[in-house]
Amino acid sequence: MTEVLPLAGYAIGITAARRADELGALLVRKGATVRCGPAIRIVPLADDSELYTATRLLLDEPVDVVVATTGIGFRGWTEAAEGWGIGDELIDRLGGAHVLTRGPKAKGAVRAAGLSEAYSPASESNAELLQYLLDSGVEGQRIAVQLHGEPLPYFVDSLRAAGADVVEIPVYRWVGPADPGPLDRLIDSVLDGSIDAMPFTSAPAAASMLAMASRTGRHAGLVDALSRRVLVACVGPITAGPLAAVGIPTVQPRRARIGALAREVADTLVARSPRLAAAGRRIELRGQAALVDGELREVAPAPMAVLRALAQRPGHVVSRRELTAALPGGGEEHAVETAVGRLRTSLGEGKLVQTVVKRGYRLAVAVEDES
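Cut-off values and rules
- Positions within a chain are numbered from 1, following the residues in the order the chain's sequence is written.
- Where local features are concerned, this predicted model is filtered to residues with pLDDT of at least 70; where side-chain atom pairs are given and counted, the filter is 80 or more; whole-chain, interface and lining totals use all residues.
- To obtain the side-chain values, all non-hydrogen atoms of the structure were used and water was disregarded.
- Counting from the N terminus, the helices are the DSSP runs of H or I reaching at least four residues and the strands are the DSSP runs of E reaching at least two.
- Here the term buried applies to any residue with accessible area under 20% of the maximum for its type, exposed to any over 50%, and partly exposed to those in between, with areas from a 1.4 Å probe on protein chains only.
- Here, two residues are considered to be in contact whenever any of their heavy atoms come within 4.5 Å of each other.
- Note that His is not counted, nor are the chain ends; the positive residues are Lys and Arg, and the negative ones are Asp and Glu.
- Here the site of a charge means NZ on Lys, CZ on Arg, CG on Asp, or CD on Glu.
- We call two N or O atoms a polar contact when they sit within 3.5 Å, provided that within protein one can donate a hydrogen and the other can accept it, with sequence-adjacent residues counted only if both atoms are side-chain atoms.
- Axis definition: a line fitted to C-alpha atoms, over the contacting stretch in the case of helices. Angles run 0 to 180 degrees between N-to-C directions.
- Each angle gets one of four labels, with under 35 degrees taken as roughly parallel, over 145 as roughly antiparallel, 65 to 115 as roughly perpendicular, and the rest as oblique.
- Two helices crossing with the near one rotated counterclockwise from the far one by less than a right angle form a left-handed crossing, whereas a clockwise rotation gives a right-handed crossing.
- When residues are grouped by polarity, Ala, Val, Leu, Ile, Met, Phe, Trp, Tyr, Cys and Pro land in nonpolar, Asp, Glu, Lys and Arg in charged, and all others, Gly among them, in polar.
- Two strands form a pair only when DSSP identifies at least two bridges running between them.
- Put simply, a nonpolar core is a bunch of buried Ala, Val, Leu, Ile, Met, Phe, Trp, Tyr and Cys residues held in one set by side-chain atoms that sit within 4.5 Å of each other.
- In this description, the arc belongs to the directions extending from the helix axis to the C-beta atoms.
- By convention in these notes, a salt bridge is any Lys or Arg side-chain nitrogen within 4 Å of a carboxyl oxygen on Asp or Glu.

J.: Just to check I follow, could you spell out the overall build of the protein chain for this structure?
T.: Scanning the protein chain for helices and strands turns up 15 helices and 17 strands. Dimensions along the principal axes, computed over C-alpha positions, put the protein chain at roughly 85 × 40 × 35 Å. Scored against the burial criterion, the 371 residues of the protein chain give a buried share of 48%. Sequence-distant contacts, at least 24 apart, represent 64% of the contacts inside the protein chain between residues at least 6 apart. In the protein chain, which carries 41 positive and 43 negative side-chain charges, the distance between the mean positions of the two groups comes to 9 Å.

J.: Sorry if this is basic, but what is going on with the environment of Thr 70 here?
T.: As for its placement among the helices and strands, Thr 70 is situated in the loop between strand S4 (65–68) and helix H3 (71–83). Residue Thr 70 is classed as buried on the basis of its relative accessible area, which comes to 14%. For the pair formed by Thr 70 and Arg 263, sequence separation is 193 residues and the distance between their alpha carbons is 22 Å. Look past the residues within four positions of Thr 70 in its chain and what remains in contact with it is Arg 102, Ala 106, Gln 146 and His 148. At 3.2 Å, the side chain of Thr 70 and the backbone nitrogen of Gly 73 are in polar contact. A polar atom in the side chain of Thr 70 sits 3.1 Å from the side chain of Gln 146.

J.: Where do I start with the packing of helix H8 (residues 181–191) against helix H10 (residues 219–228) in this structure?
T.: Two measures define how a pair of helices packs: the angle their axes make with one another and the distance between the axes. At a minimum axis distance of 9 Å, the contact between H8 and H10 shows a crossing angle of 60°. Classified by the angle their axes make, H8 and H10 are oblique. For the crossing formed where H8 meets H10, the hand is left-handed. On H10, the residues that touch Ile 187, Val 190 and Leu 191 of H8 are Gly 221, Leu 222, Ala 225 and Leu 226. Looking at the contact of H8 with H10, its residues break down into 6 nonpolar, 1 polar and no charged.

J.: For this particular structure, what's the right way to read the sheet that holds strand S12 (residues 275–278)?
T.: What holds strands together in a sheet is hydrogen bonding between their backbones, with the strands either parallel or antiparallel. The 4 strands lie next to each other as S12-S13-S14-S15, forming an open sheet whose pairing is antiparallel. Looking along the sheet, the strands with just one partner apiece sit at the ends: S12 and strand S15 (295–298). Going from strand to strand, the sheet's axes swing by 30° on average, the running direction of each strand aside. Pairing of strand S13 (residues 281–285) with strand S14 (residues 289–292), which is carried by 3 bridges, proceeds in the antiparallel orientation. Looking across to S14, one finds that Glu 284 is bridged to Leu 291.

J.: Explain the sheet that holds S4 to me, please; I cannot follow it from the model alone.
T.: Pairing within the open sheet is parallel, and its 5 strands lie in the order S6-S5-S4-S7-S8. What marks the edges here is a single partner per strand, and that holds for strand S6 (117–119) and strand S8 (165–171). Each adjacent strand pair in this sheet contributes to an overall mean axis angle of 30°, direction not counted. Pairing analysis gives 4 bridges linking S4 to strand S5 (residues 98–101), with the strands arranged parallel. Its bridge partner being in S5, Ala 68 is matched across the sheet by Thr 101. Of the strands in this sheet, S4, strand S7 (142–148) and S8 are in contact with H3, which crosses S7 at around 110°. Lying over the sheet, helix H5 (residues 104–112) contacts S4, S5 and S6, oriented at roughly 145° with respect to S5.

J.: Sorry if this is basic, but what is going on with the side chain of Arg 218 here?
T.: Along the chain, Arg 218 falls in the loop between helix H9 (203–215) and H10. You can call Arg 218 buried: its relative accessible area is 13%. In contact with Arg 218, other than residues within four places in its own chain, are Asp 184, Ile 187, Asp 188, Leu 191, Met 212 and Ala 213.

J.: Just checking my understanding: could you explain the nonpolar core for this structure?
T.: Looking at soluble globular proteins, one finds that nonpolar side chains tend to be buried together. Formed by 53 residues in total, the largest nonpolar core has its most connected members in Trp 77, Val 190 and Met 198. Per-element tally for this core: the top contributor is H9, with 6 residues. Once residues within four sequence positions are removed from consideration, Trp 77 is found in contact with Leu 45, Leu 51, Thr 55, Leu 58, Leu 90, Leu 94, Ile 169 and Val 171. Core analysis: the second largest hydrophobic core is formed by 26 residues, Val 340, Leu 347, Leu 352 and Val 365 among them.

J.: Which parts of the structure should I look at to understand the packing of helix H1 (residues 20–29) against helix H12 (residues 258–271)?
T.: Remark: H1 packs on H12, axes separated minimally by 10 Å, with the N-to-C direction vectors making an angle of 40°. The pairing of H1 with H12 is recorded here as oblique in orientation. Two packed elements cross with a definite hand, and for H1 against H12 that hand is right-handed. For the pair H1 and H12, contact is made by Glu 22, Leu 23, Leu 26 and Leu 27 and by Ile 258, Gly 259, Leu 261, Ala 262 and Val 265, respectively.

J.: Before we go on, may I ask you to explain helix H4 (residues 87–95) in this structure?
T.: Since the α-helix packs 3.6 residues into each turn, any two residues three or four apart lie on the same face. Among the residues of H4, Gly 87, Leu 90 and Leu 94 are the ones counted as buried. Buried residues of H4, viewed axially, fall in a sector of 65°; they line one side. Residues of H4 that are exposed and point more than 90 degrees away from the buried face comprise Asp 88 and Asp 92. Close packing links the buried residues of H4 with helix H2 (49–60), S4, H3 and S5.

J.: Hey, could you run me through the pattern of salt bridges in this one?
T.: Pairing is possible between side chains that carry opposite charge, provided their charged atoms lie close to one another. For the coordinates displayed, the defined rule picks out 14 salt bridges. For Arg 275, the salt bridge identified is with Glu 284, shortest N-O distance 3.6 Å. On the accessibility criterion, Arg 275 (48% relative accessible area) is partly exposed. Since its relative accessible area comes to 12%, Glu 284 is described here as buried. Asp 293 is the partner of Arg 281 in a salt bridge, and the nearest nitrogen-oxygen pair spans 3.7 Å. Of this pair, Arg 281 sits in strand S13 while Asp 293 is found in the loop between S14 and S15, placing the two residues 12 residues apart along the sequence.

Below, the structure written as structure tokens:
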């Protein structure tokens, strides 16, 4: 029998812009089906007037400290400056400052520019970097903070509160998608039950998705789906911020890396997959499929919703009314009969789901008399 990959049968939605291909490839390699709906787009650096203005402001006066938060962001900044004809001037200005780097990638980019870092936290966290600065004393100092797609308000505000003059460098500024159609369809897929997990790599993408749902009257439904049924994973706590603000629970990897995020999604989905035995068969429920004795069988959203409801109480009768409520978008009782018929066909074994006359349906699992 062909080996079934760990994420086979799961559909995963991706809202990322810059690293969508990388994250998608990691998930597809594990067997997942990936659906993309970019929630943001990146303003090209060469065309970004805000970055140019911030860079010119930085060059007006000496700077004491430069904080490089990401490697790609720092490289993009210096390359953009080169394109504007002020690359050497920028490197000279940065060379006269204490350069702090958040992690090894930022450190590599700083060294590639011919500079050297004065400090880099072992934890690779902005929090430790901020604490180092505050402990060192920043009153009266001019500090440049290279942002990366999203603001760092707590970081910048803390420095200003401590008396620093902070120049924010908005590298890779994110705005809404040029074509909102794919994101709109992805939200619909979440609502109709055909998406099982949503990994997020940035706070702006999460906020943009929620904003579109709000504008189109789907906010409550989206929050409910992401809170109860869909696994939501975030690369780190900052990314999780907009989701946490509306009560959506998230899982996060120990390290804020794309590879770790993909592993977290895979491990969590596998761990929470219901497994049971019915009619002499071993069944594992996956997002859009079921493993029956190790064979993957695709199941449409409505039949899968019925199977999940039955699997919550294996062997016990679930009424047609309860199953109707479990269907995506609700429906009428005859829709349950149709879904059960399709479920039996999809599983390839009609005996797995039993009809209990005038009461409902049950999985063929032996239980004590429930009367």
